[in-house]
Amino acid sequence: MNKTKYRIVDMKKFLSFIIITSITIAAIFFMLAKNQKVYSSTYKYNYREIIVKEGDTLWNIAIENMPKNYDVRKMVFEIKEFNQMVDANIYPGDLIKIPIKHNP
């Protein structure tokens, strides 16, 4: 079998091609991997707004506002996600939106 041999004629063009291709692939990957939600006016969330008081924790707020027999960890996660929170730190005076859950 006869193998065709390739050689790089212009190293600058080759390297710029590799860099641009890598950046394009990375950009496409991050756009697809990003957790994107579709928001629409037809799907409205019911929520309650709470102003955090001294001594409040996200855990206690979740317990006070979740339906009966609901997992408190799931409720804390949903509150964090609903408010786009990175962690569970809250401070007095913060306004937190609590999604209203109904018993199944």
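Just above sits the structure.
Keep in mind that what you see is a predicted model, and the values were worked out from it rather than measured.

Parameters at a glance
Residues numbered from 1 in each chain as written. Predicted model: local features only at pLDDT ≥ 70, side-chain atom pairs only at ≥ 80, totals over all residues. Heavy atoms only, no water. Helix = DSSP H or I, 4+ residues; strand = E, 2+ residues; numbered from the N terminus. Contact = heavy atoms within 4.5 Å. Areas by Shrake-Rupley, 256 points an atom, 1.4 Å probe, with all protein chains shown as cover. Patch = residues over 30% accessible without salt bridge, like charges linked within 9 Å, V, L, I, M, F, W, Y side chains within 5 Å. Salt bridge = Lys/Arg side-chain N within 4 Å of Asp/Glu carboxyl O. Polar contact = N/O pair within 3.5 Å; in protein donor to acceptor, adjacent residues only side chain to side chain.

Novice: A description of the overall build of the protein should follow, citing residues and the corresponding values.
Specialist: Along the backbone of the protein there are 3 helices and 2 strands. Within the protein, counting contacts between residues at least 6 apart in sequence, those at least 24 apart form 58% of the total. Summed over all atoms, the accessible surface of the protein reaches about 9,500 Å², with 59% contributed by carbon and sulfur.

Novice: Report on a nonpolar patch on the surface, specifying residues and quantitative values.
Specialist: A grouping of Ile 8, Met 11, Phe 14, Leu 15, Phe 17, Ile 18, Ile 19 and Ile 23 is seen on the molecular surface, where their side chains present a nonpolar patch of about 770 Å² in accessible area. Within the secondary structure layout, Phe 17 lies in helix 1 (residues 11-33).

Novice: Could you give me a rundown of the side chain of Asn 65, with the residues and numbers involved?
Specialist: Tracing the backbone shows Asn 65 in helix 2 (residues 58-65). At a separation of 2.7 Å, a polar atom in the side chain of Asn 65 contacts the main-chain carbonyl oxygen of Ile 61. Among residues more than four places away in sequence, those in contact with Asn 65 are Arg 48, Ile 50, Met 75 and Ile 98.

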